[in-house]
Amino acid sequence: GFRLLATMPGVTKFFKGIFGNEEEEDNWTDQFSEYCPKLSMKTRIICWGVCFGLGMFISFLGGLFVLRITTQPEIFATLYTVGNLISISGTCFLWGPCSQCKKMWDKERWLASLIFFFSMAVTLTCAFAVIQHYVRDCFI
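What comes next concerns the included structure. Here the structure is a predicted model, which is why all the values come from computation and not from measurement.

1. Things to note about the overall build of the chain
A tally of regular secondary structure across the chain gives 6 helices and 0 strands. Listed N to C, the secondary structure of the chain is α-α-α-α-α-α in terms of helices and strands. When the 140 residues of the chain are sorted by exposure, 21% land in the buried category. Contacts spanning at least 24 positions in sequence make up 67% of the contacts within the chain whose residues lie at least 6 apart.

So, in structure tokens, the structure goes:
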């Protein structure tokens with residue numbers, strides 16, 4: 001299935017049109033090319049799919065613990081946050097990490113990115129600091 005899609009020239013051309021060319025990276029990233037080699041579009045799509053799928057699976061596992069959020073909020077918060085971070089890091093394979101960060105903090109997207117990361121920080125803070133304090137006071 002996927003192998004057939006990735007070998008079709010139209011699909012590769014479509015993704016190159018959306019995500020840009022591989023040559024759009026900054027000049028200073030060229031010196032790091034031995035550590036981060038350039039990937040083909042097929043490899044980028046496969047890596048993105050793996051990260052996205054793994055991230056969604058981990059977030060789903062976190063969702064299974066939502067019923068235990070009053071007694072074990074740290075499990076939900078950790079799995080949900082890690083799943084989100086893995087999913088969002090998968091997009092770095094499509095655009096490249098530098099380009100992804102630039103696009104995330106662009107003038108049209110900075111507020112959404114800030115809210116996204118802030119909400120994950122609040123989720124972890126509530127799970128590990130705030131909720132633990134209130135649960136301990138209620139049951140002891």
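2. Brief notes about the packing of aromatic side chains
Counting across every chain of the model gives 4 aromatic pairs. Note on Phe76 and Tyr80: the rings are 5.5 Å apart at their centroids and 15° apart in plane angle, and the pair reads as stacked. Of the two residues, Phe76 and Tyr80 both sit in helix α4 (residues 73–95), 4 residues apart, roughly one turn of that helix. Among the residues examined, Phe76 registers a relative accessible area of 15% and is labelled buried.

3. With respect to the packing of helix α3 (residues 41–64) against α4
Running from N to C, α3 and α4 point in directions that differ by 170°, and their axes come no closer than 7 Å. As summarised for this structure, α3 and α4 are arranged roughly antiparallel, according to the angle between their axes. Here the contact of α3 with α4 is built from residues that sort into 17 nonpolar, 9 polar and 1 charged.

4. Re a nonpolar patch on the surface
A cluster of nonpolar residues, Leu85, Trp105, Trp110, Leu111, Leu114, Ile115 and Phe117, forms a patch on the protein surface that exposes about 670 Å² of accessible area. The dominant element in the nonpolar patch, judged by the number of residues it contributes, is helix α6 (residues 110–139), at 5 residues.

5. Some details on the packing of α4 against helix α5 (residues 97–104)
Orientation of α4 relative to α5, taken along the N-to-C sense of each, is 115°, at an axis distance of 7 Å. As α4 packs across α5, the resulting crossing turns out to be right-handed. Of α5, the residues touching α4 (which contributes Thr91, Cys92 and Trp95) are Pro97, Ser99, Gln100 and Lys103. Across the contact of α4 with α5, the residue classes break down as 3 nonpolar, 3 polar and 1 charged.

6. Remarks on the side chain of Ser113
Topologically, Ser113 is positioned in helix α6. Excluding residues within four positions of it along the chain, Ser113 makes contact with Met104 and Trp105.

7. A few points about the state of the cysteines
In total, this model carries 0 disulfides according to the counting rule given. A disulfide-free cysteine, Cys47 has its sulfur positioned 6.8 Å from the sulfur of Cys51, the nearest such atom. You can call Cys47 partly exposed: its relative accessible area is 23%. Unpaired in terms of disulfides, Cys101 finds its nearest cysteine sulfur in Cys92, a separation of 5.9 Å. Note on Cys101: relative accessible area 41%, which makes it partly exposed.

Reading the values: rules and limits
- Residues numbered from 1 in each chain as written.
- Predicted model: local features only at pLDDT ≥ 70, side-chain atom pairs only at ≥ 80, totals over all residues.
- Heavy atoms only, no water.
- Helix = DSSP H or I, 4+ residues; strand = E, 2+ residues; numbered from the N terminus.
- Buried < 20%, exposed > 50% of the residue type's maximum accessible area, 1.4 Å probe, protein only.
- Contact = heavy atoms within 4.5 Å.
- Phe/Tyr/Trp six-rings, centres within 6.5 Å; stacked < 30°, edge-to-face > 60°.
- Axes fitted to C-alpha atoms, helices over the stretch in contact; angles between N-to-C directions.
- Parallel < 35°, antiparallel > 145°, perpendicular 65-115°, else oblique.
- Nonpolar A, V, L, I, M, F, W, Y, C, P; charged D, E, K, R; others polar.
- Patch = residues over 30% accessible without salt bridge, like charges linked within 9 Å, V, L, I, M, F, W, Y side chains within 5 Å.
- Areas by Shrake-Rupley, 256 points an atom, 1.4 Å probe, with all protein chains shown as cover.
- Salt bridge = Lys/Arg side-chain N within 4 Å of Asp/Glu carboxyl O.
- Left-handed = near helix turned anticlockwise from the far one by under 90°.
- Disulfide = S-S within 2.5 Å.

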